[in-house]
Amino acid sequence: MEALLQHEQGGCQDIDFQGEHLILDCSACVFWPDEKTLMVADIHMEKGSSFASKGTFLPPYDTGESLIRLGAALNAWKPKRVISLGDSFHDDTGASRLSDSYVEMLESLMRGREWIWIGGNHDPSPPAGLGGLHSTELCAGPFVFRHQPVSGIATGEIAGHLHPSARIKRRGKSVRRNCFAGDGERLIVPAFGAYTGGLSLKHEAFEGLFDWNKLKAWMIGRETIFEIAGRQLVG
Amino acid sequence: MVNKKTTIIHGCSGLPFNLPKPFTDWFAGHGWQPRSHQLELLSRCQAGQSTLLIAPTGAGKTLAGFLSCLVELSGRPRRKPGEAQKGIHTLYISPLKALAVDIKRNLETPIREMNLNIALETRTGDTPVHRRQRQKLAPPQILLTTPEQLSLLIAQKDAPRFFDSLETVIFDELHSLVTSKRGHLLALGLARLRTFRPDLKAIGLSATVADPDELRRWLVKQPPLGEIKLSELIKLEGGAKPEITILKSSERIPWSGHSARYAMGEVYEAIKNHRTTLLFVNTRSQAELLFQELWNRNEDTLPIALHHGSLDVSQRRKVEEAMSVNALRAVVATSTLDLGIDWGDVDLVIHVGAPKGASRLAQRIGRANHRIDEPSRAILVPANRFEVMECQAALDANYLGAQDTPPLRDGCLDVLAQHIMGTACAAPFDADELFDEIISSAPYANLSRNLFNKALEFTATGGYALKTYEQYAKIRKTEDGTWRVTHPRFAQQYRLNVGTIVEAPMLDVRLTRHRGKGANVRGGPMLGKIEEGFIEGLTPGDTFLFSGKTLRLEGIRDNICLVSNAADTDAKIPYYAGGKFPLSTYLADQVRRMLSDPSNRTHLPKQVREWLEIQKLKSVLPKFDELLVETFPRAERFYMVAYPFEGRLAHQTLGMLLTRRLERANAKPLGFVATDYAIAVWGLRDFSRMLKSSEVTLAALFDEDMLGDDLETWLAESFLLKRTFRQCATIAGLIERRHPGKEKTGRQMTVSSDLVYDVLRSHEPDHLLLQATSADAAHGLLDIRRLGEMLLRIKGRIRHKGLQQISPLAVPIMLEIGKESVGSDAQESLLAEAAKELVEEAGSG
């Protein structure tokens with residue numbers, strides 16, 4: 001209840017999806033109040049160290065940053081259950097590279113709640129030594145949670161993988177933001193991680209996934225979500 | 001009538017020189033005499049002295065630079081078959097590829113005519129791989145190249161052998177090289193060459209500069225402990241004064257804008273009345289526009305060509321060749337043709353738009369009649385009324401010989417990191433020795449050992465306080481105490497990312513046919529490259545000017561921008577990204593002088609003088625040391641316009657900071673716009689009344705302390721700083737350059753530098769790269785240094801004028817409103833607007 005009160009203060013967008021009430025949060029996660037379930041996608045933890053192993057020394061603070069943000073979201077929504085929609089780690093051995101302090105942080109976030117790791121293309125295996133459930137797919141209520149959206153019709157699918165972003169043009173200026181994308185049949189969640197960017201909804205990777213006449217992009221502002229229609233978007 | 005030269009040489013040494021007979025005969029055969037500065041430099045070189053030669057364009061600098069090298073090589077016996085290949089004798093470095101190619105052409109003539117046995121080759125980014133390979137095995141005696149190629153050469157394993165007979169290195173257009181990060185990297189390269197060859201002579205060729213000593217330091221090894229050593233100096237003054245005029249247009253000069261379209265008829269007439277005309281503009285887009293305008297009126301179908309850096313290289317070479325055989329009547333060009341290239345028969349230079357700096361103008365005008373004893377002819381075409389004043393100021397400056405090159409800054413840390421990696425790629429190094437070598441170069445003479453160590457750590461493992469990347473180190477200290485590259489692929493990575501010129505991401509422009517829906521044409525001929533940022537602002541179907549054509553955007557595929565020929569000649573998207581160069585401090589001073597004193601305005605055209613007189617009547621003209629601030633209402637908004645004349649970059653920073661302050665003072669500012677001359681802020685509350693009631697004061701608004709906390713807070717979000725960071729990170733080797741054809745597909749595979757910046761700033765704000773970024777911000781994009789000087793200057797000298805309506809002086813900037821790009825606040829409001837539209841639609845439906 002406290003969480004719901006807080007969301008009245010802005011930074012969120014209520015949507016009705018497959019008859020269920022969902023809340024899209026500015027921090028790039030989705031809350032399902034009836035089930036007290038929080039969904040995040042594509043955290044890509046240990047992306048920094050993954051790049052470092054190839055000689056690109058990105059600042060080694062991405063995992064910490066992502067965990068801080070995740071902690072803030074958990075604190076705000078106090079979910080009973082967390083579903084991480086895959087690519088939680090940048091590669092399959094990412095979890096084993098976590099420093100002790102990050103393991104502790106993560107464990108404290110997981111404590112006292114159900115935690116489900118959906119396997120992603122970057123991290124198909126269960127994260128080593130971290131607990132939680134692991135699955136490639138999960139059904140709950142009208143929803144099916146998976147990492148990669150399947151092609152064709154997929155009623156009730158909530159997925160990640162594509163890092164959706166959207167661009168609008170107004171008065172000759174263009175604005176690009178990461179976004180939630182949905183057409184009432186499926187919902188794709190933006191990437192959560194500190195080092196994850198966005199891929200335009202107009203990119204061919206999104207071809208065939210949405211009914212563009214019904215598509216909405218919920219673009220993430222600094223403190224607000226902006227609801228934009230698919231036809232308002234540019235490539 | 002020829003305006004006869006008077007040249008004076010400073011720096012006669014009385015040293016002997018040796019000019020063999022074939023050379024004196026060759027000069028005589030052409031009816032020439034070696035010039036005294038050429039002989040002077042010859043004697044200096046023969047005495048083994050590093051020397052800076054300062055001379056005006058057309059003085060035969062290049063031949064002077066090469067004379068001792070040609071003499072020495074001419075005396076060498078031919079290499080006997082089977083004899084070991086000798087390395088390079090003379091290395092010539094120019095800022096431009098085209099210049100290296102051109103110098104080769106010019107040197108081949110005397111070599112051929114004197115029948116000298118000297119091998120002369122160029123090596124640039126355009127040189128095919130097989131020829132580069134051959135050059136390594138059989139080096140020419142003279143190699144003409146660019147700074148980036150030098151970095152690559154010294155990073156190779158066999159670099160010491162390649163350079164083991166190097167006698168001389170010649171830096172052409174040194175004044176333009178030293179002012180940038182390129183100059184920093186080149187200085188480090190020179191220090192490396194000196195380690196290979198301690199007796200190496202360095203020759204600098206330069207146009208007139210404000211402080212020759214800075215260049216003289218640059219050329220020679222600096223002793224430790226802050227002592228300063230200078231090279232020798234030969235300075236040639238005089239030459240024919242250029243005949244420069246400002247276009248006396250009978251048309252009305254517009255208030256604002258950059259196209260100079262009003263003058264096209266007169267420009268075309270000038271082209272018709274001359275043999276060959278070079279037209280200079282400041283930006284690529286201006287070049288396109290001008291070219292288009294000229295073709296529209298080219299009833300005589302004169303051969304007119306276009307030349308700028310974004311065009312495909314084959315197209316550029318074609319233009320250069322046509323130019324050298326005098327097949328063209330006019331070339332429209334940007335700075336790619338700025339420096340030292342000899343264009344034969346050019347008899348007129350037209351400069352469209354204000355030159356932004358007097359040195360730049362002198363350089364460009366030097367292109368016409370590239371001979372010292374004949375005056376150059378040039379016409380300046382200002383695009384608007386402020387530019388008329390600026391052109392007049394530049395014109396006065398050219399006659400005065402005043403120079404406005406900026407003072408040199410200390411060597412940048414990102415460049416240092418790149419150089420450390422390059423050094424390791426060649427061979428294992430000792431950190432103490434490398435440090436000593438680096439501080440022997442002028443830009444890094446003040447580098448502390450502590451910072452050097454930080455740069456070393458950065459190169460090895462990223463240099464983070466959180467040391468988690470040790471196991472992945474790119475270079476590592478080994479048991480013998482030297483630092484080594486840990487894997488050959490890092491050397492490969494270095495080679496692909498060398499250099500300091502970080503361009504905005506570019507897309508290849510390919511011509512295709514206008515396509516119906518669904519067709520997926522991969523594209524035909526390549527037209528050149530265009531900034532990704534510009535194309536992102538377009539939607540398919542939009543038309544724009546490029547490569548002298550009106551093109552329609554068809555779509556973007558990976559790194560290719562597909563376009564088709566558009567039938568209509570009017571491009572829909574008028575692209576103007578603002579001038580590349582801000583107004584120089586010197587010219588700004590001159591323009592302020594014109595405003596303050598009518599006796600400085602006598603040369604201005606009547607319509608501009610009248611404009612200023614009306615300004616005096618309706619408002620006020622500021623005194624030389626004053627800052628004028630006008631406030632007035634207009635269409636339900638209130639405006640504040642200030643005229644600091646400090647250049648667009650400093651004004652942009654000022655605008656951001658001023659709006660923050662006004663916001664805090666509850667003046668409800670809505671936005672601002674900045675030009676080279678002025679800044680305008682608008683808002684919802686009556687600025688005049690607020691100032692009158694002392695609710696806010698101008699002294700507080702323009703107080704220097706805005707450069708403190710306000711600046712810090714703003715910087716945190718500034719996209720300009722993020723862009724600067726991206727450049728530093730790329731140069732330092734943290735982020736790889738984007739290579740055409742090797743683009744990764746999909747954004748999730750790469751990491752945006754903006755995200756890296758945000759994370760680094762919040763977790764390690766004193767990291768080396770952030771240090772480098774803020775140093776750049778002070779000089780570059782934000783011009784904080786200049787803003788600070790201005791705020792100090794105008795302290796206690798702000799002249800406020802409350803008006804009922806817009807003043808004549810304010811008209812130009814008011815016309816710019818709406819053309820500027822938007823900051824993050826404005827972005828949010830655009831999003832809100834789009835979202836609202838949707839809601840309203842839903843409500844009405």
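In this text the structure is predicted, and so the values were computed from the model without any measurement.

Looking at this model, I keep getting lost on the overall build of chain B. Mind explaining?
A tally of regular secondary structure across chain B gives 32 helices and 26 strands. By residue count, 55% of the 845 residues in chain B fall in the buried class. For chain B, contacts bridging at least 24 residues in sequence account for 74% of all contacts bridging at least 6.

Just checking my understanding: could you explain the overall build of chain A for this structure?
For chain A, the helix and strand inventory stands at 5 helices and 17 strands. The C-alpha radius of gyration computed for chain A amounts to 17 Å, which stays within 12% of the reference 18 Å derived for 235 residues, consistent with globular compactness. Projected onto the principal axes, the alpha-carbon positions of chain A cover approximately 50 × 45 × 35 Å. A burial count over chain A gives 62% of its 235 residues as buried. With the model as given, the accessible surface of chain A reaches about 8,900 Å², and the carbon-plus-sulfur share is 49%. Taken together, the 24 basic and 29 acidic charged side chains of chain A have centroids lying 9 Å from each other.

Can you help me understand the nonpolar core in this one?
Across soluble globular proteins, nonpolar side chains have a tendency to be buried as a group. In this structure, B:Ile420, B:Leu447, B:Phe452, B:Ile475, B:Phe702 and B:Leu734 are the most contacted members of the largest nonpolar core, which totals 89 residues. If sequence neighbours within four positions are ignored, B:Leu734 has contacts with A:Thr56, A:Phe57, A:Leu58, B:Phe458, B:Tyr464, B:Ala729, B:Val756 and B:Leu769. If you look at the next biggest cluster of nonpolar residues, it comprises 73 residues, including B:Ile379, B:Ile530, B:Ala588 and B:Leu595.

Would you take a moment to explain unusual backbone geometry for this structure?
For residues besides glycine, phi is generally negative; the peptide bonds are generally trans as well. Within the chain, A:Ala28 stands out as a residue other than glycine whose phi angle is a positive 80°. Along the polypeptide, A:Ala28 turns up in the loop between strand E2 (20-25) and strand E3 (29-32). Accessibility expressed as a relative area gives 7% for A:Ala28, which makes it buried. In this structure, B:Glu173 takes a positive phi of about 50° despite not being glycine. Along the chain, B:Glu173 turns up in the loop between strand E6 (168-171) and helix H8 (174-177).

Looking at this structure, I do not really get the environment of B:Gly733. What am I missing?
Within the fold, B:Gly733 resides in the loop between helix H27 (719-732) and helix H28 (753-763). Sequence spacing of B:Gly733 and B:Phe458 is 275 residues, and the spatial spacing of their C-alpha atoms is 9.6 Å.

Can you help me understand helix H21 (residues 585-596) of chain B in this one?
For the α-helix, the turn length of 3.6 residues means that residues three or four positions removed from each other point alike. For H21(B), which comprises 12 residues, the first-to-last C-alpha distance of 17 Å matches the rise-based estimate of 16 Å (1.5 Å per residue) to within 8%. Of all the residues in H21(B), the buried ones are B:Leu587, B:Ala588, B:Gln590, B:Val591, B:Arg592, B:Met594 and B:Leu595.

How should I be thinking about the domain arrangement of chain B in this particular structure?
Where interface size is given, it is often the accessible area lost as the parts come together that is meant. The domain boundaries assigned to chain B delineate domain 1 (7-76 + 84-238), domain 2 (243-400), domain 3 (413-501 + 720-777), domain 4 (506-565) and domain 5 (619-718 + 782-828). Using only C-alpha atoms to locate each centre, domain 1 of chain B and domain 2 of chain B end up separated by 30 Å.

What is the right way to read the interface of chain A and chain B from this model?
Contact with chain A, which involves 47 residues of that partner, is made by 54 residues of chain B. Interface area for chain A against chain B, summed over the two sides, is near 4,400 Å², with a carbon-plus-sulfur share of 58%. Between chain A and chain B we count 0 salt bridges in total. The interface formed by chain A and chain B includes 8 residue pairs in polar contact (both at pLDDT 80 or more). Mapped by element, the contributors of at least two residues to the side of chain A that touches chain B are helix H2 (47-52), helix H3 (62-77), strand E11 (164-170), strand E12 (173-182) and strand E16 (225-229) of chain A. Here the side of chain A that touches chain B is built from residues that sort into 19 nonpolar, 13 polar and 15 charged.

What is the right way to read the sheet that holds strand E4 (residues 37-40) of chain A from this model?
Backbone-to-backbone hydrogen bonds pair the strands of a sheet. The strands run either parallel or antiparallel. Residues and elements named next belong to chain A. One open sheet accounts for 7 strands, arranged E1-E2-E3-E4-E5-E6-E7; its pairing is mixed. Each edge of the open sheet is held by one strand with a lone partner, namely strand E1 (12-17) and strand E7 (133-135). On average, each strand axis in the sheet is inclined to that of its neighbour by 25°, with strand direction left out of account. As paired elements, E4 and strand E5 (residues 81-84) share 4 bridges and run parallel to each other. Within E5, the residue paired with Leu38 across the bridge is Val82. Running over the sheet, H3 touches E1, E2, E3, E4, E5 and strand E6 (114-118) and is turned about 155° from E4.

Criteria and cut-off values
Residues numbered from 1 in each chain as written. Chains lettered and ligands numbered in written order. Predicted model: local features only at pLDDT ≥ 70, side-chain atom pairs only at ≥ 80, totals over all residues. Heavy atoms only, no water. Helix = DSSP H or I, 4+ residues; strand = E, 2+ residues; numbered from the N terminus. Buried < 20%, exposed > 50% of the residue type's maximum accessible area, 1.4 Å probe, protein only. Contact = heavy atoms within 4.5 Å. Rg over C-alpha atoms; globule rule 2.2 N^0.38 Å. Areas by Shrake-Rupley, 256 points an atom, 1.4 Å probe, with all protein chains shown as cover. Lys, Arg positive; Asp, Glu negative; His and termini not counted. Charge placed at Lys NZ, Arg CZ, Asp CG, Glu CD. Core = buried A, V, L, I, M, F, W, Y, C linked by side-chain atoms within 4.5 Å. Expected span 1.5 Å × (residues − 1). Domains from an automatic or database assignment. Buried area = accessible area lost by both parts, 1.4 Å probe. Salt bridge = Lys/Arg side-chain N within 4 Å of Asp/Glu carboxyl O. Polar contact = N/O pair within 3.5 Å; in protein donor to acceptor, adjacent residues only side chain to side chain. Nonpolar A, V, L, I, M, F, W, Y, C, P; charged D, E, K, R; others polar. Pairing = 2+ DSSP bridges. Axes fitted to C-alpha atoms, helices over the stretch in contact; angles between N-to-C directions.

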